[in-house]
Each structure stands twice: as structure tokens, then as C-alpha cells.
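Analysis of the macromolecular model
What follows is each chain in one-letter form.
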Amino acid sequence: MHKREFIAAALAAASVPAWAQQRRGTGGRGPALLTVTGAGVRSNRGPFDPVRDQMMAKQKLTFERAHAFDFAALAALPARTIRPTLEYDNQPHRLAGPLLRDVLAAAGVTAHAGKLQMRAIDGYAPVIPVADALKYGFIVATHLDGQAMPLGGLGPLWAVYDADRHPDMAARPVDQRFAQCPWGLYHIDVQAG
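Residues numbered from 1 in each chain as written. Predicted model: local features only at pLDDT ≥ 70, side-chain atom pairs only at ≥ 80, totals over all residues. Heavy atoms only, no water.

**Describing a nonpolar patch on the surface**
Together, M55, I121 and L151 line one region of the surface with nonpolar side chains, adding up to about 270 Å² of accessible area. Along the chain, L151 falls in the loop between β11 (147-148) and β12 (158-160). (Patch = residues over 30% accessible without salt bridge, like charges linked within 9 Å, V, L, I, M, F, W, Y side chains within 5 Å. Areas by Shrake-Rupley, 256 points an atom, 1.4 Å probe, with all protein chains shown as cover. Salt bridge = Lys/Arg side-chain N within 4 Å of Asp/Glu carboxyl O. Helix = DSSP H or I, 4+ residues; strand = E, 2+ residues; numbered from the N terminus.)

**Description of the environment of Y124**
If you trace the backbone, Y124 turns up in the loop between β7 (115-120) and β8 (127-129). For the pair Y124 and G184, spaced 60 residues apart in the sequence, the C-alpha separation amounts to 9.3 Å. Residue contacts for Y124: discarding those within four places in its chain leaves M118, R119, A179 and P182. (Contact = heavy atoms within 4.5 Å.)

**Regarding the sheet that holds strand β6 (residues 95-98)**
The strand order across the open sheet formed by four strands is β3-β6-β10-β11, and the pairing between neighbours is antiparallel. Looking along the sheet, the strands with just one partner apiece sit at the ends: β3 (79-82) and β11. Pairing between β3 and β6: four bridges, direction antiparallel. Counted as the bridge partner of T81 is A96 from β6. (Pairing = 2+ DSSP bridges.)

**Here's the deal with the environment of L99**
As for its position among the elements, L99 is in the loop between β6 and α5 (100-106). Using a relative accessible area of 14% as the deciding quantity, one classes L99 as buried. On a C-alpha basis, the gap between L99 and A141 in space is 8.4 Å, while along the polypeptide they are 42 residues apart. For L99, the residues in contact, after removing those within four places along its chain, are P78, R80, G137, F138 and I139. (Buried < 20%, exposed > 50% of the residue type's maximum accessible area, 1.4 Å probe, protein only.)

Note that every value here comes from positions in space, so none of it alone points to a role or purpose.
Structure follows, in C-alpha cells:
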């Protein structure tokens, strides 16, 4: 390759966004941000791999079937915006992302009974009845106040709902409204009822 051709190729590669470059070697998918396992899940990835799924292994997870979502797959679902008052500053914030109901449906889950164990990267794993997640309108938030949520903050994903819009939750002190809302969400296990 001549120097001029090399420079042209390097400039062309540099103009492609980093996420698109990563997708080239993964069969059209970026890295998985959310893995859904359990009852009714339509698999789009292989079973648990103790080498590749290190965080899951350390948190004692295992599965035969799972549906993985990258950021593009989550962004392709219709987004919902909520404006709850958050406990971190007692101010309303705009959170946006797909409804948890739509995420589950995209993973093949149609049951409205049973429970969901939603696991955060730090191991926090609240269990919530599917019916409550649907009733409260949980979203899988990807954005906070118009910006993607980074790892190390509340993101990149947060299972959350608008507590201010539900009288039974709005009556609680703000620091008690989000116990069932793991930020840093990376895994949901659908447990049959």
C-alpha cells in the first residue's frame, strides 16, 4: 500500500464512529448492555460461559437461554420519558428509555405473572412482581436529562419508574421510593409465577 492510500484508509476509518467500528466484528451487534434470562425468553446468544461472563459468574448466575441487548437494540424500541423527583438531590429529572414491558416483549417474554429479579453491576438485585413493574410503568432508562448515563454514574441503564405519579409511592419519603430500582442494571431474570 502506498503512503497516500494508507493515509486515505486511515482517515476513512477515523471518520466512522467508534461504536460502528466495534459492531463490525460482532455480527452487527455492539457489546451487550442488558441480558434477560428465565421463563419465556427467546434466545439470541449462547448459554452462560464462565470465561466470557465473569461478572455473572462472580454473582453466581447461570443460564442456558438468554436474550442480549446492545445500546442500539434498546434505542430502537419506543422511548418513554418520565420526570421523577430523585433522592440524590430532591429535584425532578428527565429520564428516558424504553418501557420495561417493551424490553421484555422484545426478549420474547409475554407473561404478566411471576417476578423479575433485576441485577445491578454492584450485585444489588431487588425482586419485583411483574404485575408491579407493569403497573408502575418501569422504564429501562438510558438517558438522564437528555444525556446518555455513563457507567460509574447511574448507568448505563437504570430500571426506574415515575414515583411522583403514583399516590402510594409519592406518599413515601423520596429516599424510600426507589428501593426496587437498580441503577447500573445489566441483568433481568424472569421467574415464573
